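Single-letter residue listing:
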Amino acid sequence: MACWGVLTRGYAAAVIVHTLPAAAFGTNCYILTRAAGAECIVVDPGIGVADRVADILRRDGLSPAAILLTHGLLDHVYDVPTLSAGRALTTHIHGLDRYRLVNPLGDLDPSFIAMMEAQFGTTATWQEPEAVVDLAAGDEGEDILHVAGLTVGVRHAPGHTEGSVLLTFDDVPDNPRHRDGGLDRTVLSGDVLFAGSIGRTDLPGGDASAMTRSLRDVVMPLADSTLVLPGHGPATTMAAERRSNPYLQRPLL
């Protein structure tokens, strides 16, 4: 587990960011909170992260106020039912990916499910969350979500899935590496943007043309001073990706 420190600029209190890579597919689950003992949000709880999320909640006395999903593919949502069971906890997902929460196992090849069950030693099951809230639907630009004392920007960025979104904050974790690098904002990019790459578009609901538009119209306008926390792999910055990510070069967009 990595802890990115605290987001400080512009907030009334610090915001702590924990990063928990899942054992399956290395999906990054993020926990954001103002402080120990406060409410928090959980972003993209993937396969097998529920126990570690629960450990952090207990250790820091955190009360989850909501689950936010950057999109609805199984590797980003699998532990939603476990975390939301028995809690008055809303799950937020873009309306165009809402259908994926009915049964995300249904689109998987049975052999893959069998392999996953063998790896984790449990039967793969799914229970649709009861309290689901649609994030910004359609192409309205940025929506603003206020939850757990946090202000989160929501930007629709289809391509990997129909309802993929970016989650933005106007601050960065407060540590010397970020301050010295001139970073002043953060985006949780899901599977839209990775360090050196982008999300695939050949899965159900993927659309290469939509991804190109999202990269051009949603990702590229992000400031170079943006810290990028992706759905898989290490953190990066928009300056680094604009400079070296082959998928963000102007001839391709």
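Residues numbered from 1 in each chain as written. Predicted model: local features only at pLDDT ≥ 70, side-chain atom pairs only at ≥ 80, totals over all residues. Heavy atoms only, no water.

Remarks on the sheet that holds strand S14 (residues 226-230)
Then, in step 1: The strand order across the open sheet built from 6 strands is S8-S9-S10-S11-S14-S15, with neighbouring strands paired in mixed fashion. Bordering the open sheet on either side are strand S8 (142-147) and strand S15 (236-237), each of which pairs with just one other strand.
Then, in step 2: Judged from the 2 bridges that link them, S14 and S15 form a sheet pairing that is antiparallel. Bridge assignment links Val228 to a residue of S15, and that residue is Thr236. (Pairing = 2+ DSSP bridges. Helix = DSSP H or I, 4+ residues; strand = E, 2+ residues; numbered from the N terminus.)

Examining the environment of Thr125
Then, in step 1: With respect to the helices and strands, Thr125 occurs in the loop between helix H4 (110-120) and strand S7 (132-135).
Then, in step 2: The spatial distance from the C-alpha of Thr125 to the C-alpha of Ile113 is 9.9 Å, given a sequence separation of 12 residues.
Then, in step 3: Beyond its immediate sequence surroundings of up to four residues, Thr125 is in contact with Tyr78 and Leu105. (Contact = heavy atoms within 4.5 Å.)

Digging into the pairing of strand S3 (residues 28-33)
Then, in step 1: Among the 6 residues of S3, 6 are classified as buried, and the element is accordingly described as predominantly covered.
Then, in step 2: Burial along S3 is two-sided: Asn28, Tyr30 and Leu32 facing one way and Cys29, Ile31 and Thr33 facing the other are all buried.
Then, in step 3: A loop of 5 residues connects S3 with strand S4 (residues 39-43), the two strands running antiparallel in sequence, and Gly37 in this loop sits at a positive phi of about 85 degrees. (Buried < 20%, exposed > 50% of the residue type's maximum accessible area, 1.4 Å probe, protein only.)

Looking at helix H6 (residues 208-219)
Then, in step 1: Three or more residues of H6 are buried, namely Ala210, Met211, Ser214, Leu215, Val218 and Val219. Buried residues of H6, seen end-on, are gathered within an arc of 140 degrees and therefore sit on one face of the element.
Then, in step 2: Contacts from the buried residues of H6 go to strand S9 (150-156), strand S10 (165-169), strand S12 (193-194), strand S13 (197-198) and helix H7 (238-244).
Then, in step 3: Two or three places before Ser209, at the start of H6, stands the capping residue Asp207, its side-chain oxygen 2.9 Å from that residue's backbone nitrogen. (Arc of directions from axis to C-beta. Polar contact = N/O pair within 3.5 Å; in protein donor to acceptor, adjacent residues only side chain to side chain.)

A closer look at the side chain of Thr226
Then, in step 1: Take Thr226: it is sitting in strand S14.
Then, in step 2: A polar contact is formed between the side chain of Thr226 and the backbone oxygen of Ala223, at a distance of 2.8 Å.

Considering helix H1 (residues 50-60)
Then, in step 1: Buried residues of H1: Ala50, Val53, Ala54, Ile56, Leu57 and Asp60, and no others. For H1, the angular spread of buried residues about the axis comes to 160 degrees, placing them on one side. Summarising the geometry of H1, the exposed residues directed more than 90 degrees from the buried face are Asp51, Arg58 and Arg59.
Then, in step 2: Just beyond H1, the residue with positive phi is Gly61, at close to 60 degrees.

Some points on the environment of Leu135
Then, in step 1: The residue Leu135 is located in strand S7 in this model.
Then, in step 2: The exposure class of Leu135 is buried, given its relative accessible area of 5%.
Then, in step 3: With residues near it in sequence (within four places) discarded, Leu135 still touches Leu69, His92, Ile93, His94, Gly95, Leu145, Val154 and Val165.

Observations concerning the pairing of S9
Along any regular strand, the residues point their side chains to alternate faces of the sheet.
Then, in step 1: The element S9 is extensively covered by neighbouring structure, given that 5 of its 7 residues are classed as buried.
Then, in step 2: Bridge count for S8 against S9 is 6 bridges, and the pairing is antiparallel. Residue pairing in the sheet places Ile144 in a bridge with Gly153 of S9.
Then, in step 3: Hairpin connection from S8 to S9: 2 residues lie between these consecutive antiparallel strands, with Ala148 at a positive phi of about 55 degrees.
Then, in step 4: One ladder, built from 4 bridges, connects S9 with S10; its direction is antiparallel. The residue of S10 that forms the bridge with Val154 is Leu167.

Some remarks on the confidence of the model for the protein
Then, in step 1: With 86% of its residues at a pLDDT of 70 or more, the protein shows a mean pLDDT of 87.
Then, in step 2: Confidence drops under pLDDT 50 across residues 6-13; counting only partners more than four residues distant or on other chains, this segment forms 31 contacts. (pLDDT = per-residue confidence, 0-100.)

Remarks on the nonpolar core
Then, in step 1: One finds Ile31, Val53 and Leu105 to be the most contacted residues of the largest nonpolar core, which totals 30 residues.
Then, in step 2: The next biggest cluster of nonpolar side chains, apart from the first, holds 23 residues, and it includes Val152, Val165, Val172 and Leu188. (Core = buried A, V, L, I, M, F, W, Y, C linked by side-chain atoms within 4.5 Å.)

So, the side chain of Thr236
Then, in step 1: Looking at the secondary structure, you find Thr236 in strand S15.
Then, in step 2: Residues in contact with Thr236, not counting those within four places in the same chain, are Ala195, Thr226, Leu227, Val228 and Glu241.

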